[in-house]
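So the chains spell out like this:
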Amino acid sequence: MPTVSVDKANFFKSLGKDYTTQEFDELCFQFGIELDDDTTEECRKAGNGERPQLKIDIPANRYDLLCHEGIARALLVFLGKMKQPDIKVMQPKEMLEIHVDDQVSKIRPTILGAVLRNVTFTPENYASFIDLQDKLHQNLGRRRTLVSMGTHDLDTIKAPFSYKGLAPKDVKFAPLNRPGQVMDGPTLMTTLEQDKHLSKYLSIIRDSPVYPVVLDAEETVCSLPPVINGDHSKITLNTKNVLIDMTGTDETRCSHALAELVSMFAEYCGEKFSVEPVKIVHSDGKSLITPDLSPRVATCRLSYINSCTGLDLDVPTTIKLLERMGHSATQSPQSPDVLQVSIPATRPDVLHECDLMEDVAVAYGFDHLPRRFPSTNTVAAPLPINKLSDVLRREFAYAGWVEALSLILCSHDEAYKQLRRPDPGSEAILLENPKSLEYQMVRTTLLPGLLKTLRENRKHSLPWRLFEVSDVARQDAEDLERCAKNERRAVASYSDREAKFEVVHGLLGRVMRVLDVPYLQGGREAASSSSSSAGKKESGHAGRDKGGYWIEESDDPTFMPGRAAVVKFRTPVREQEEKEEANQQQIKAPATGDDVDAAKRAAPTASATDVEKHLGDADKKQQSSSSSSKDSAISAISNLASKLHLGGRKGGEVITVGQLGVLHPEVLAAFGLDWPTAVLELQVEPFL
């Protein structure tokens, strides 16, 4: 949520009233924004002459509220002190043109433009003009990757303009605030690496074969988007005519950003709320006139608004409420229940009927809406996986371990190289554009986060006992929608002066005892024999097979040789599977002699051979139909359970659910740890 700082005195002057902090906070709440801070008291205590500021939190999708002018205008319309202004696109005698070269399609294909004539700048609105551009860059422009804008003193450059893609060495100009320092593209990139503000944008075009450049008729460089403008055409407080160029890779976002910028500052033009358009001419002959400030027309049903808000509004009242939010509306001639709403170009956040309903509710007042019980009542309950996770957390804590909570993102080296594990290539979910090398992928194991937590807490006395129960994520080729899945894991570590494998082994035993999973003496052989006798136990009512676990030695390079093991688990036979098995056995049983005698008595005129044949046919049909229907039901339930992470495995299946061991010295060194450490990591879902 962006925060906009405005000068308190100037802002209240724009509203036409001096509010107390409490009154203005209440006004912000009613409008749907939030007063974050009033610095009046801080400025008074500092005594340095600094002017008090109001810091206002703005919803992330309200780009029209990112500056002093936008917030003041919206509140004035909300309070009924002014009507939503109609921004006029004037038709000049000779329209400025920007000619687009084909080469820019390789890097930044979209450019739009507009002109503000006879602007009167003051130090306050000039600072607001610059600040709005920066906020649009960060929010709507996604840090200039999708949208960037340049503003130029039109009186210092000559039309027509061109937008070209030039080789880096052919781009030569003096960048903004560096008068006389003419440099080419590569030199500029090297120079701006030291600039804290601009260096983060260099990577957007640095490796491109061509750089996008805006030139005037005399080939003077006006700007190098999205990095920097030229010093030749920079705007000052004395600038009267402003040319705005909006470049990017997303034409829709460029259009929205241009509409916001010119609409906010058109009130300072000689002819108030007027904008001069610019013609964009492409090399293929197509042309476009920008900006497009015409309102969008949408429909909204009065019945829908009343049903969502619990009100009983009529058409005139609803229209007035929409006008308070900057819209204009009329009743549709086709239906008395439908309103035709004109949405300003500065409100791209209004996408659906529900957005208009929300605006009506805001204008009416959320605190004035009638309170009522919902028509449907539900009882909340934790998801089974979360309930089981809480059980594990309590047991770890009871055993003396301290819980950690690490970030779900990690670096690629931490997940593989530092753990001495190869990257299979089909497991990790990588971030497309990571902000730093520390956060490159979604973790596939909880070990890196736990080891980094140990590293940052080395000052504590030994032994160190840490655990975490959280999610990892992996690629999933079977999930065609998300192509990924989460897995709940539990991990625990024990660090001391000596490597103590038996400590984490004992913790594993405690966890399994709580989960009611017995230890299988003899390992895989015992599991096989127990699985084969499970059906006999059930038929004899000797008690359901609970499955079991055991450990087997492994050669995982993350751990010391001979001090590593995997945890094997034979899944229990569930009650539903037992019933299905019993039904299958009953269906397969042949007809008895009593059944044949009963059939003979019921049909005395038929021969014994006919009756026996009839019973045999019926038995086959029943067996076939019952078997197919039950198999289909079992398959559907199993698939659904698997998708919900509630199992879906057949009883008696042997799976690997975890690993434990003493970490290899190279792993400890890679994470900056000195003391021997034993760890245990388990999957949680198999025990549901």
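Positions within a chain are numbered from 1, following the residues in the order the chain's sequence is written. Given that this is a predicted model, residues contribute local features only at a pLDDT of at least 70 and side-chain atom pairs are listed and counted only at 80 or more, while totals for whole chains, interfaces and linings are drawn from all residues. By convention in this description, side-chain values take in all heavy atoms of the structure and omit both hydrogens and water.

### Comments concerning the overall build of the protein
Selection rule: Only runs of H or I of at least four residues qualify as helices and only runs of E of at least two qualify as strands under DSSP, and these elements are numbered from the N terminus. Think of it in three bands: residues with accessible area under 20% of the maximum for their type are buried, residues over 50% are exposed, and the middle band is partly exposed, with areas taken using a 1.4 Å probe on protein chains only. By the convention used here, residues are in contact when the closest approach between their heavy atoms is within 4.5 Å. In these tables, accessible area is a Shrake-Rupley quantity obtained with a 1.4 Å probe, and a residue counts as shielded only by the protein chains included in the view.
Looking only at helices and strands, the protein has 20 helices and 29 strands in total. The burial tally for the protein puts 45% of its 688 residues in the buried class. Taking as baseline every contact in the protein between residues at least 6 positions apart, the subset at least 24 positions apart corresponds to 72%. Surface accessibility of the protein: about 36,000 Å² in total, with carbon and sulfur atoms responsible for 50%.

### Some points on the environment of glycine 285
Of note, glycine 285 is situated in the loop between strand E15 (274-282) and strand E16 (287-290). When the C-alpha atoms of glycine 285 and histidine 99 are compared, they prove to be 9.9 Å apart, with 186 residues separating the residues in sequence.

### With respect to the pattern of salt bridges
Our working rule: When a carboxyl oxygen of Asp or Glu is within 4 Å of a side-chain nitrogen of Lys or Arg, the pair counts as a salt bridge.
What the rule picks out here adds up to 31 salt bridges. Measuring nitrogen to oxygen at the nearest pair gives 2.8 Å for the salt bridge that ties glutamate 267 to arginine 73. Separated by 194 residues along the polypeptide, glutamate 267 in the loop between helix H7 (251-265) and E15 and arginine 73 in helix H4 (residues 68-78) bring together distant segments of the chain. When its relative accessible area of 7% is taken as the criterion, arginine 73 is described as buried. Where lysine 234 meets aspartate 231, a salt bridge forms, and the shortest distance between an N and an O atom there is 3.8 Å. Here the salt bridges share partners, and the residues they tie into one network are Glu427, Arg474, Lys485, Glu487, Arg489 and Glu681.

### A closer look at a negative patch on the surface
The condition that has to hold: Patch membership is restricted to residues that have no salt bridge and whose relative accessible area is over 30%. Joining uses 9 Å for like charges and 5 Å for the nonpolar side chains Val, Leu, Ile, Met, Phe, Trp and Tyr. Neither His nor the chain termini are counted; the positive set is Lys and Arg, and the negative set is Asp and Glu. For the purpose of locating charges, the reference atoms are NZ of Lys, CZ of Arg, CG of Asp and CD of Glu.
The grouping of Asp25, Glu26, Glu34, Asp36 and Asp367 at the surface amounts to a negative patch. Listed by contribution, the elements that provide at least two residues to the negative patch are helix H2 (21-31) and strand E2 (34-38).

### Description of the sheet that holds strand E18 (residues 328-331)
Threshold: Strand pairing is defined by DSSP finding a minimum of two bridges between the two strands. The angle between two axes is taken between their N-to-C directions and runs from 0 to 180 degrees, where each axis is a line fitted to C-alpha atoms and a helix contributes only its stretch in contact.
Reading across from one edge, E17-E19-E18 is the order of the three strands in this open sheet, with antiparallel pairing throughout. Edge strands, defined here as strands with exactly one partner in the open sheet, are strand E17 (296-301) and E18. Between one strand and the next, the sheet's axes are offset by a mean angle of 25°, whatever the strand orientation. Relative to strand E19 (residues 338-343), E18 is paired through four bridges, and the arrangement is antiparallel. In the strand pairing of E19, threonine 330 is matched with glutamine 340. Along the sheet, helix H10 (residues 353-364) contacts E17 and E19; its crossing angle with E17, the most-contacted strand, is approximately 75°.

### Considering the sheet that holds strand E23 (residues 441-442)
Strand order in this open sheet of three strands is E21-E23-E22, and the pairing throughout is antiparallel. Of all strands in the sheet, those bounded by a partner on one side alone are strand E21 (409-410) and strand E22 (429-430). As paired strands, E22 and E23 are joined by two bridges and run antiparallel to one another. When the bridges of E23 are listed, isoleucine 429 appears paired with valine 442.

### A few points about the side chain of glutamate 681
The line we're drawing: Any N or O atom pair separated by 3.5 Å or less is treated as a polar contact, with the protein-specific requirement of one donor-capable and one acceptor-capable atom, and with residues adjacent in sequence counted only for side-chain atom pairs.
If you trace the backbone, glutamate 681 turns up in strand E29 (residues 677-683). Owing to a relative accessible area of 3%, glutamate 681 belongs among the buried residues under this scheme. Only 3.2 Å separates the side chain of glutamate 681 from the side chain of arginine 489, close enough to count as a polar contact. In this structure, glutamate 681 is in contact with Thr445, Leu446, Leu447, Arg489, Ala490, Val491, Val657, Gly658 and Gln659, ignoring residues within four places of it in sequence.

### Describing the side chain of lysine 452
Checked against the element boundaries, lysine 452 lands in helix H13 (residues 447-456). At 3.1 Å, the side chain of lysine 452 and the side chain of glutamate 414 are in polar contact. Look past the residues within four positions of lysine 452 in its chain and what remains in contact with it is Glu414 and Phe671.

### Observations concerning a positive patch on the surface
The grouping of Arg142, Arg143, Lys200 and Lys435 at the surface amounts to a positive patch. Tracing the backbone through its elements, the reader meets arginine 143 in the loop between helix H5 (123-138) and strand E7 (147-153).

### Some words on the packing of helix H9 (residues 315-324) against H10
Geometry of a packed helix pair, given as the angle between the helix axes and the separation of the axes. Inclusion rule: Relative orientations are named as follows: roughly parallel for angles under 35 degrees, roughly antiparallel for angles over 145 degrees, roughly perpendicular for angles from 65 to 115 degrees, and oblique for any other angle. Each residue receives one of three labels: charged for Asp, Glu, Lys and Arg, nonpolar for Ala, Val, Leu, Ile, Met, Phe, Trp, Tyr, Cys and Pro, and polar for the others, Gly being one of them.
H10 packs onto H9 with a crossing angle of 90° between their chain directions and a minimal axis gap of 8 Å. In this view, H9 runs roughly perpendicular relative to H10, as classed from their interaxial angle. Within the contact between the two elements, H9 uses Thr318, Leu321, Leu322 and Arg324 and H10 uses Leu356, Val360, Ala363 and Tyr364. Partitioning the contact of H9 with H10 into residue classes produces six nonpolar, one polar and one charged.

### Description of the packing of helix H11 (residues 384-398) against helix H14 (residues 501-514)
Cut-off, in case you're wondering: Working rule for handedness: look at the near helix, and if it is turned counterclockwise from the far one by less than a right angle, call the crossing left-handed; if clockwise, right-handed.
At a closest axis distance of 10 Å, the pairing of H11 and H14 adopts a crossing angle of 135°. As the angle between them shows, H11 and H14 are arranged oblique. For the pair H11 and H14, the sense of crossing is right-handed. On the side of H11, the interface is formed by Val391, Leu392, Glu395 and Phe396, while H14 contributes Leu507, Arg510, Val511 and Val514. When its residues are assigned to classes, the contact of H11 with H14 shows six nonpolar, no polar and two charged.

### Things to note about the confidence of the model for the protein
Spelled out, the test is: How sure the predictor is of each residue is captured by pLDDT, a score from 0 to 100.
In the predicted model, the protein carries a mean pLDDT of 86, and 85% of its residues have values of at least 70. Throughout residues 618-627 the model reports pLDDT below 50, and contacts reaching past four residues in sequence, or to other chains, amount to six contacts. Here residues 636-647 is a poorly scored stretch, pLDDT under 50, and it has 13 contacts once near neighbours within four places are set aside; other chains count.

### Here's the deal with the nonpolar core
Proteins that are soluble and globular tend to have nonpolar side chains buried together. Our working rule: By nonpolar core is meant a set of buried Ala, Val, Leu, Ile, Met, Phe, Trp, Tyr and Cys residues that side-chain atoms within 4.5 Å join together.
Counting residues in hydrophobic clusters, the biggest one holds 78 residues, and the most contacted among them are Phe11, Leu15, Phe24, Ile71, Leu116, Met246 and Leu261. Among the elements that line this core, the one with the most residues is H7, at eight residues. Setting aside anything within four residues of it in sequence, one finds leucine 15 in contact with Phe24, Ala72, Leu75, Leu76 and Lys81. Counting residues in each nonpolar core, the second largest holds 31 residues, with Ala492, Leu507, Ala678 and Leu682 among its members.

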